[in-house]
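# A look at the structure
One-letter residues, chain by chain:
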Amino acid sequence: MNEFCLYCRQPIRYPFFWRTLVFPQQDIWLCDACRGKLKRISGPVCKICCRPLAKLDPAFIREGICQDCARWEEDAAWSGVLEKNTSLYEYNDFCKDVLAQFKFRGDYILSSIFADDIQKVLEHSDAELIVPIPLSPERLSERLFNQSEALAEAAGLQTVPLLKRTHSEKQSKKTRDERIHQEQVFQIEEHQPIQGVSVLLIDDIYTTGSTLRHAAKVLKTAGAAKVTSLTIARS
Ligand SMILES: [Zn+2]
Ligand SMILES: [Zn+2]
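A few words on the coordination of the zinc ion (ligand 1). Put simply, a metal with four donors set out as a tetrahedron has ideal angles of 109.5 degrees, and one with six donors set out as an octahedron has ideal angles of 90 or 180 degrees. Summarising the metal site, the zinc ion (ligand 1) is bound by the protein donors Cys5 (SG), Cys8 (SG), Cys31 (SG) and Cys34 (SG), whose distances to it range over 2.3 Å. Summarised as a motif, the one-chain spacing of the donors to the zinc ion (ligand 1) is C-x2-C-x22-C-x2-C. Take Cys8: its relative accessible area is 29%, and that puts it in the partly exposed class.

Take a look at the structure:
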């Protein structure tokens, strides 16, 4: 039983239910104060990328789709490649810090914080294959573990490491056009038949959507019927 908040180290107060005497109670990973800082995304969101629409200028929304997604969809090469992303939380300072601790300081156990919410999303998914977004070998050796895989594993999901990076992660310095038109970032690792299969990609943050779309493109080209994604935060 987890006794201390994984973030602030305050003792966890478990509610007392009679049934906990019989059935072991589920672990609680964050204290109430920290849990309260993690804001679930709610209200109307972009139908494709899950960006909360309330924060956007209505001029940048078309039929429930944000302008960024609309631009991807207008491009015949990218239209429909990533069907839908679901993000769990707003990328606020708290979420940013939890994810940074998890990723950069190698605090693997922090992935447990998200497990319940990941499972709930999965209940409404038709995905037959769950594929974590891979790190490049260089990144993997810096970090020692792949955060996407850790997130899936903590939620008890069986993943298939289908993708391999052919380029490093240094995406942020590129312009949008460079990101779209660059060579393929991923390749299929295993020649597993994915013809007609619904695939769910897992990653920690949806920022530009470029990484997920490149991954989705490789999978669709290899025959996947549908590619959706689940990300912890939507920046
Ligand atoms: Zn706490
Ligand atoms: Zn969008």
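Scanning all chains against the criterion turns up 5 aromatic pairs. Seen from their ring centres, Phe102 and Phe145 are 5.6 Å apart, and the 45° between their planes marks the pair as tilted. One end of the pair, Phe102, is in helix α3 (residues 93-104); the other, Phe145, is in the loop between α5 (137-143) and α6 (147-154), and 43 residues separate them in sequence. Residue class for Phe145 comes out buried when judged on its relative accessible area of 12%. Ring centres 5.0 Å apart and planes at 70° place the aromatic pair Tyr108 and Phe145 in the edge-to-face group. Of the two residues, Tyr108 sits in the loop between α3 and α4 (115-123) while Phe145 sits in the loop between α5 and α6, which places them 37 residues apart along the sequence. Residue class for Tyr108 comes out partly exposed when judged on its relative accessible area of 35%. Put simply, the rings of Phe102, Tyr108 and Phe145 pair up and form one aromatic cluster.

Moving on, we come to the nonpolar core. By size, the foremost hydrophobic cluster in this structure holds 35 residues, and its most contacted members are Ile113, Phe114 and Ile118. Among the elements that line this core, the one with the most residues is α3, at 5 residues. Aside from chain neighbours lying at most four places away, what touches Phe114 is Leu38, Leu88, Tyr89, Val98, Leu99, Leu151 and Ile232. Ranked by size, the runner-up nonpolar core spans 34 residues in total, among them Cys46, Leu163, Phe186 and Val199.

For the coordinates displayed, the defined rule picks out 9 salt bridges. Close ionic contact of Lys55 with Glu90 constitutes a salt bridge, the shortest N to O distance being 3.6 Å. Note that Lys55 is positioned in the loop between α1 (32-37) and β1 (61-62) and Glu90 in strand β3 (residues 84-90), a separation of 35 residues in sequence. Look at Lys55 and you get exposed, because its relative accessible area is 61%. Classification of Glu90 by relative accessible area gives partly exposed; the value is 25%. Two residues, Lys120 and Asp117, come together in a salt bridge whose shortest N-O distance is 3.7 Å.

Reading the values: rules and limits
- Residues numbered from 1 in each chain as written.
- Chains lettered and ligands numbered in written order.
- Predicted model: local features only at pLDDT ≥ 70, side-chain atom pairs only at ≥ 80, totals over all residues.
- Heavy atoms only, no water.
- Donors = N, O, S within 2.8 Å, 3.2 Å for Na, K, Ca; no water.
- Buried < 20%, exposed > 50% of the residue type's maximum accessible area, 1.4 Å probe, protein only.
- Phe/Tyr/Trp six-rings, centres within 6.5 Å; stacked < 30°, edge-to-face > 60°.
- Helix = DSSP H or I, 4+ residues; strand = E, 2+ residues; numbered from the N terminus.
- Core = buried A, V, L, I, M, F, W, Y, C linked by side-chain atoms within 4.5 Å.
- Contact = heavy atoms within 4.5 Å.
- Salt bridge = Lys/Arg side-chain N within 4 Å of Asp/Glu carboxyl O.

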